[in-house]
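The chain contents come next:
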Amino acid sequence: MPWFQVTAPHVTDEQIAEAASRLIAEARTRINKDLKRVLLLPPDLTRAHSGVGRITEQIYRELDAAGAHVEVIPTLGQHVPHTEAENKWMFGSIPEERIFAHDWRNGVTHVANIPAKLVKETTGGVADWDIPVDLNSKLVDEQWDLIINLGHVVPHEVLGFANHNKNYYIGLGGKDTICASHIAAAVYGIENNLGCLVTPLRACYNWSEDEHLGRFPDVYLQIVMQRDENNKLVTSGIFVGDDLETYLAAARQSREQNITLFDKPIKKVVAVMQADEFRATWVANKAVYRTRMAIADGGELLIIAPGVERFGEQPEVDALIRKYGYKGTPNTLTLYKTEADMQAIPHGVAHLIHGSSEGRFDITYAPGHLTKEEIEQVGYSYADCAEMQKRYDPAIMKEGWNTMPDGEEVFYISTPSAGLWATKEKLDNPSRRDLSNATFDV
């Protein structure tokens, strides 16, 4: 069970601060009374809108004032490391020398393997390979009196819901871990994952956490957000604890508050990806992931992304996307069997699958810094960013349904990464298995 939780239509800043302080006090009782070395694991800037950066700063300052040596590793996964300015923007007064960039290629230690037998059992046989557990070397090899995982629980395309032990296996995972994980989730099917409490991959991570990470003196602080009466994202829940039920409690609340259901599919969605958080289609494609279950066959998703300047987070992934494009699962998996550059970075192949509409609806990108030719080369349609920002002016558009002056009806989403939009039929599809209560013979 969670150590404690705070829920309200709008959890105040004062309540959030009290919860952060209570976490430290209870950790001294439950885990280690003498907190000399503490590691904080917050999300990276693609989750900046959650406000967890401010919570991280508060916990840092409180522990530092008490004499603890505190270090911070943003759970980047394979995202681009923060600049010093970005760290200051997100984490405020935390000294730059106490913030360490995760190196997913050269900065990891092999811990164990999640066996192929378990991967096969959880995915119904569509994936049947080991998932190596390679984790950040500073996390694994150094001695910590307390590890605090912080993050935002929200529907997620790979793990059903984000955060919890995703911080370890993806956020601080090595290349082989991230690649084997993402391709397993992709072949299982993105629409089988979205909004499920325990997906096959999360079931594998839960098993591994019990088997391999039991020595970590860790606790999770997870927040849930919802929109208030003014359509502003506010914190609605804080869940603190060191077990699976802490995650499940947060995910259940997110499922209630962050999934918008429709009786019938939508013809046009307009989604905005903020320039200060989303600079590559790798992360801006959350607009595709979170709306795909709501869009009608033959419909359109328009993504207004003024900050997008590239496709992948790394040069080799960017080159992969430019070469092969978002051309659908059958085509992508056929090429994956023969193309060495695809086989070298399977997580990039998974991204190509996730980012395709499978030909069901049109994806139109209005990027700030990519050309029409570049966008069309990867299989998307192109729109001019300035023109789309003028037509669908964020200062005028309201969250949800809008009727434009010429009569066009669109569904407007200002922060796609904060939710999931789906038809009732797709969300209730019996092929979507939730493994919350499953047991496995490994």
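Here we summarise the structure given alongside this text. Everything numeric here is computed off the predicted structure, so don't read it as measured data.

**So, the packing of aromatic side chains**
Part 1 of the reasoning: Under the defined criterion, the tally for this structure stands at six aromatic pairs.
Part 2 of the reasoning: By way of ring pairs, the aromatic residues Phe262, Trp401 and Phe411 are connected into one cluster.
Part 3 of the reasoning: Across the ring face of Trp144, the terminal group of Arg37 is positioned such that the distance to the ring centre comes to 4.2 Å.
Part 4 of the reasoning: The cationic tip of Arg202 hangs over the ring face of Tyr247; the distance from NZ or CZ to the ring centre is 4.1 Å.

**Quick notes on the sheet that holds strand β15 (residues 381–382)**
Part 1 of the reasoning: The strand order across the open sheet built from six strands is β15-β14-β13-β12-β17-β16, with neighbouring strands paired in mixed fashion. Only two strands of the sheet have a single neighbouring strand rather than two, namely β15 and β16 (400–403).
Part 2 of the reasoning: Pairing of strand β12 (residues 266–272) with strand β17 (residues 409–413) involves three bridges; the strand directions are parallel. Its bridge partner lying in β17, Val270 is registered against Tyr412.

**Digging into the sheet that holds strand β10 (residues 233–241)**
Part 1 of the reasoning: What the six strands build is an open sheet, ordered β1-β10-β9-β6-β2-β3; its pairing is mixed. The open sheet has two edge strands, β1 (4–7) and β3 (69–72), and neither has a second partner. The average angle at which neighbouring strand axes cross in this sheet is 15 degrees, direction not considered.
Part 2 of the reasoning: As paired strands, β1 and β10 are joined by four bridges and run antiparallel to one another. Following the sheet pairing, Phe4 is matched in β10 by Val240.

**Remarks on the side chain of Glu277**
Part 1 of the reasoning: Turning to its location among the elements, Glu277 is positioned in the loop between β12 and α11 (281–284).
Part 2 of the reasoning: Among residues more than four places away in sequence, those in contact with Glu277 are Leu45, Thr46, Arg47, Ala48, His49, Trp89 and Val283.

Rules of the game
Residues numbered from 1 in each chain as written. Predicted model: local features only at pLDDT ≥ 70, side-chain atom pairs only at ≥ 80, totals over all residues. Heavy atoms only, no water. Phe/Tyr/Trp six-rings, centres within 6.5 Å; stacked < 30°, edge-to-face > 60°. Lys NZ or Arg CZ within 6 Å of the ring centre and 35° of its normal. Pairing = 2+ DSSP bridges. Helix = DSSP H or I, 4+ residues; strand = E, 2+ residues; numbered from the N terminus. Axes fitted to C-alpha atoms, helices over the stretch in contact; angles between N-to-C directions. Contact = heavy atoms within 4.5 Å.

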